[in-house]
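# Coordinate inspection notes
Take a look at the letters that make up each chain.
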Amino acid sequence: MQVSISDLKDHVGQKVELKGWVYNSRSSGKIKFLLLRDGSGLCQCIFFRGECDQNSFENFKDLSQEACVRVVGEVRADPRNPGTFELGAESFEILSGSVDYPISPKEHGADFLLNHRHLWLRSKKQWATVRVRSEIKKAIIDFFDGRGFTNTDSPIFTPNAAEGTTTLFETQYFDEKAYLAQTGQLYAEATAAAFGKVYTFGPTFRAEKSKTRRHLIEFWMVEPEVAFADLNDNIQLANEMTEYIVQRTIKNRAEELRILERDVSKLEKVKGEFPRIHYKEAVEMIQKENPDFVDGNDFGAPDEAIISSKFDTPVFVHHFPTAIKAFYMKEDPEDSKYCLSVDMLAPEGYGELIGGSQREDNIEILDAKIKAHDLNPDDFAWYRDLRRYGSFQHSGFGMGLERTVAWICGTPHIRETIPFPRMYGRHYP
Ligand code: 4AD
Ligand code: MG
């Protein structure tokens, strides 16, 4: 019977067939070990001279790294690692060979590994990271679907900039110009008026001409948008979503987080209400350690690290200066110098995971901001309609999937959090 490695627990004592690839092999005299991977997990297959088929024992050296094989044997509990299972192997058959596999267990440079990303994904830590990513995506969808949200997809070809014109990817759309979506938000604002509580979830694009540990050119973002929600409701939603994702992932992906050597006790603290601080308080915190920081400026990565170092959970910073934020954010009616915006900073220095705001619902103020940001009002005619026909209080935010995966996995660089990263200077493979 053919089974997958993740199902071995249900077949203890039975003879089964596994199909997979050679992860590793080693011999010591009468006993030979094949570490097999099949995508669902890893399994130690043990060949004992006298107990297994003689040909298999003699030809064991043919099991080169990443050869595709079929192994038959009996499932038994691994006496050294409770809860894991091994195969008392009988025989193997090579289904297809692998000669000089380029990624050996020795250390390789980042460039080499990225050039071989199509193969690197087979390595244990990469496998674990992508499995965690997949769980987080599912958790996000379940969170919103379980709360009466409607998933409304937003287009990738768009006529306008939403997050500043400096990071726009321009492309040809037949005889016209189009831009790859930097965000699905403006469309989510339209669907919020049609469906109430909505979210978009898909790839977004930013032509960031910089190489950092936190920026990708193509990244995934989940963007809820809620009719009749204010800034506080928005912060509460982000708080609950983050707790749900983290707690569910540590429960459902314990093995992967163990492979990644993640200190899960840090993630266990991501519960309850996270601290919420005004931009002005954040500035005071930063200036104690970085006196050069200018009140009114946006935070750099080191400034964010100063703030997050004070807390064990993510922290919300709200009411950023209007001047440094996007045109669609609503000004604070009490002090238009600040806007009803919020960022969520991750603990352990992972930086901004979430950015959001209450939206400007007053058409005169919105028009003035479109102008002040040097945007073409014609491109926003449809968006202005949302303020002309039953304008409504609404709020939303965007969470970057890859930064979230990096934080939960404890992965220092964002490039490992998506199967095929697009970075400045790299779009191969
Ligand atoms: O703060 P941002 O730019 O906000 C928006 O795009 C809003 N329209 C969202 C909304 O209100 N619906 O981006 C949101 C999040 C960031 O906090 C970050 O996690 C991620 O998207 N992000 C990136 N992730 C990877 N690479 C990049 N270049 C990113 N730029 C933003
Ligand atoms: Mg932001």
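All figures in this text were calculated on a predicted structure; none of them were measured in a lab. Positions within a chain are numbered from 1, following the residues in the order the chain's sequence is written. All chains are assigned letters beginning with A, and all ligands numbers beginning with 1, in the order in which they are written. Note on the predicted model: pLDDT of at least 70 is required for a residue's local features to be given, and 80 or more for side-chain atom pairs to be given and counted; whole-chain, interface and lining totals, by contrast, use all residues. Heavy atoms throughout the structure, all of them, feed into the side-chain values; hydrogens and water do not.

Whether a residue is near a molecule or strand depends on its heavy atoms: it is near if one of them lies within 4 Å of it. The environment of ligand 1 is made up of 24 residues, and the closest members are Glu163, Gln185, Arg206, Glu223 and Glu352. For ligand 1, an oxygen atom lies 2.9 Å from a polar atom in the backbone of leucine 353. Between ligand 1 and phenylalanine 397 there is a distance of 3.4 Å, counted from a nitrogen atom to a backbone nitrogen or oxygen. Only DSSP runs of H or I with at least four residues qualify as helices, and only runs of E with at least two residues qualify as strands; both kinds are numbered from the N terminus onward. Elements that contribute at least two residues to the shell around ligand 1 include exactly strand S11 (218-227), strand S17 (351-358) and strand S18 (394-400). The leading source of residues in the shell around ligand 1 is S17, at 5 residues. Think of it as three bins: nonpolar holds Ala, Val, Leu, Ile, Met, Phe, Trp, Tyr, Cys and Pro, charged holds Asp, Glu, Lys and Arg, and polar takes everything else, Gly as well. Here the shell around ligand 1 is composed, by residue class, of 8 nonpolar, 8 polar and 8 charged. Distance and chemistry together define a polar contact, namely a pair of N or O atoms within 3.5 Å, with one atom able to donate a hydrogen and the other to accept it when in protein, and with adjacent residues in sequence counting only for side-chain atoms on both sides.

Before going further, it helps to spend a moment on the sheet that holds strand S5 (residues 85-96). Any two strands with at least two DSSP-identified bridges between them are counted as paired. Pairing in this closed barrel of 5 strands is mixed, and the strands run S1-S2-S3-S5-S4 around the ring. Taken pair by pair, the neighbouring strands of this sheet meet at an average axis angle of 55°, ignoring direction. Strand direction decides the pairing type here: strand S2 (residues 31-37) and strand S3 (residues 42-48), joined by 7 bridges, are antiparallel. Bridge pairing links arginine 37 to leucine 42 in S3. Orientation is described by axes fitted as lines to C-alpha atoms, over the contacting stretch for helices, and by angles from 0 to 180 degrees between their N-to-C directions.

Attention now goes to the domain arrangement of the chain. In this document the domain limits rely on a domain assignment from an automatic tool or a database. Per the domain assignment, the segments of the chain are domain 1 (5-96) and domain 2 (117-417). Domain 1 and domain 2 are separated by 45 Å when their C-alpha centres are compared. When checking whether two residues touch, look at their non-hydrogen atoms; a contact exists if any pair is within 4.5 Å. Taken together, the contact between domain 1 and domain 2 spans 8 residues of the former and 5 residues of the latter. We define buried area as the total accessible area lost by two parts upon association, computed with a 1.4 Å probe and summed across both. Between domain 1 and domain 2, roughly 490 Å² of surface is buried when both sides are summed, and carbon and sulfur atoms account for 49% of that area. Close ionic contact of arginine 122 with glutamate 66 constitutes a salt bridge, the shortest N to O distance being 2.9 Å. Here domain 1 and domain 2 share 3 residue pairs in polar contact (both at pLDDT 80 or more) between them. Grouping the amino acids of the side of domain 1 that touches domain 2 by side-chain chemistry returns 3 nonpolar, 3 polar and 2 charged. For this document, the term salt bridge refers to a Lys or Arg side-chain nitrogen within 4 Å of an Asp or Glu carboxyl oxygen.

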